[in-house]
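# Fold and contact review
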Amino acid sequence: PRALGVTKNRFQGITWGETGIAVVSDFRWKDRSVKQYLFRTDRDNPDPKVLFEYSSENLYGLPGDFVTAPNARNRWVLLTGKDGSKLYLEGEGYSPEGNRPFLDEYDLKAAKTSRLWRADGVATYEQLVRVLEVDKKKELLTRIQGPKTFPNYFLRRIGSKEISPVELLEAC
């Protein structure tokens, strides 16, 4: 056995990927600081790349959680783009206007995040249930509910305003 790397603060968790990467989180209680690092699993990580650093108490500044999906062995691993250069984040989207869940794309090469989808949050609350496909179809399974709308599941394509109701068993 060998050490994968060392975190600066107390280890909090790890999310494994299939493309030789892992996202490791650490936490410092004194100021509620969270850091997320990119670790390469094929080599030592004496100075891992910091992806995000934020306070766990600043809900408006949370970057989201890394999206995972089942692999061929039915293990949940980091969802990556086809070429392995992009990771995806989903979050509740806390804001002064209310909660507006989102899906972001994180480009590992450019170290930048871009927003792919955000719930409109006007008359209903739309929750991201699962990312179904990110490369070609760019499909999401969402759940929409409101004061006068019973919760229902919908298939949404990123970049399109059209949504279609689905039976849950078909989508998963």
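First things first, this report covers the structure right here in the doc. Computed from a predicted model, the values in this text were never measured in an experiment.

Of the pockets and cavities examined, the largest pocket occupies roughly 290 Å³. Considering the residues around the largest pocket, the lining is formed by 17 residues, among which L62, P63, G64, D65 and G91 are closest to the centre. Breaking the lining of the largest pocket down by element, the ones donating at least two residues are β3 (33-40) and β8 (86-91). In terms of residue class, the lining of the largest pocket is made up of 8 nonpolar, 5 polar and 4 charged. If you trace the second largest pocket, you find 13 residues lining it, with E18, A69, L78, L79 and T80 closest to the centre.

Before going further, it helps to examine the pairing of strand β13 (residues 149-157). With 7 bridges connecting them, strand β12 (residues 139-146) and β13 associate as antiparallel partners. Bridge pairing in β13 places R143 opposite Y153. As judged from the 3 bridges shared by β13 and strand β14 (residues 163-165), these two strands associate in the antiparallel manner. Bridged to L155 within β14 is S164.

Here we come to a nonpolar patch on the surface. A contiguous nonpolar surface patch, about 300 Å² in accessible area, is contributed by F11, I14 and W16. Summarising the element assignment, W16 is placed in strand β1 (residues 10-16). For W16, a relative accessible area of 45% translates into the label partly exposed.

Core analysis: the biggest nonpolar cluster contains 14 residues, and L51, F52, F66, L87, Y106 and L108 have the highest contact counts within it. Looking at this core, the elements that each hand over two or more residues are β2 (21-28), β3, β4 (49-55) and β8. Dropping the residues within four chain positions of it, Y106 is found in contact with K49, L51, F52, S85, K86, L87, L89, A111, K112 and T113. Core analysis: the second largest hydrophobic core is formed by 12 residues, L79, Y88, L103 and W117 among them.

Looking now at the sheet that holds strand β11 (residues 125-133). If you walk across this open sheet you meet the 4 strands as β11-β12-β13-β14, and the pairing is antiparallel. For this open sheet the edge positions go to β11 and β14, each flanked by a neighbour on one side alone. Neighbour-to-neighbour, the strand axes of this sheet turn through a mean angle of 30°, independent of strand direction.

For the structure shown, the criterion picks out 4 aromatic pairs. Among the aromatic residues, those joined into a cluster by ring pairs are F52, F66 and Y106. Sitting over the face of the ring of F102, R115 holds its NZ or CZ atom 4.2 Å from the ring centroid.

Let us now look at the sheet that holds β3. As summarised here, the arrangement of the 4 strands in space is β1-β2-β3-β4, forming an open sheet in which the pairing is antiparallel. The sheet is open, and its two borders are formed by β1 and β4, each paired with just one other strand. Pairwise comparison of adjacent strand axes, ignoring direction, gives a mean angle of 20° for this sheet. Here β1 pairs with β2 via 6 bridges, running antiparallel. Considered in β2, the bridge of T15 is made with V23.

Conventions and cut-offs
Residues numbered from 1 in each chain as written. Predicted model: local features only at pLDDT ≥ 70, side-chain atom pairs only at ≥ 80, totals over all residues. Heavy atoms only, no water. 1 Å grid on protein atoms, 1.4 Å probe; cavity = no way out; pocket = protein on both sides within 12 Å on 5 of 7 lines; lining within 4 Å. Points joined across faces, edges and corners; volume = space filled by probe spheres on them. Helix = DSSP H or I, 4+ residues; strand = E, 2+ residues; numbered from the N terminus. Nonpolar A, V, L, I, M, F, W, Y, C, P; charged D, E, K, R; others polar. Pairing = 2+ DSSP bridges. Patch = residues over 30% accessible without salt bridge, like charges linked within 9 Å, V, L, I, M, F, W, Y side chains within 5 Å. Areas by Shrake-Rupley, 256 points an atom, 1.4 Å probe, with all protein chains shown as cover. Salt bridge = Lys/Arg side-chain N within 4 Å of Asp/Glu carboxyl O. Buried < 20%, exposed > 50% of the residue type's maximum accessible area, 1.4 Å probe, protein only. Core = buried A, V, L, I, M, F, W, Y, C linked by side-chain atoms within 4.5 Å. Contact = heavy atoms within 4.5 Å. Axes fitted to C-alpha atoms, helices over the stretch in contact; angles between N-to-C directions. Phe/Tyr/Trp six-rings, centres within 6.5 Å; stacked < 30°, edge-to-face > 60°. Lys NZ or Arg CZ within 6 Å of the ring centre and 35° of its normal.

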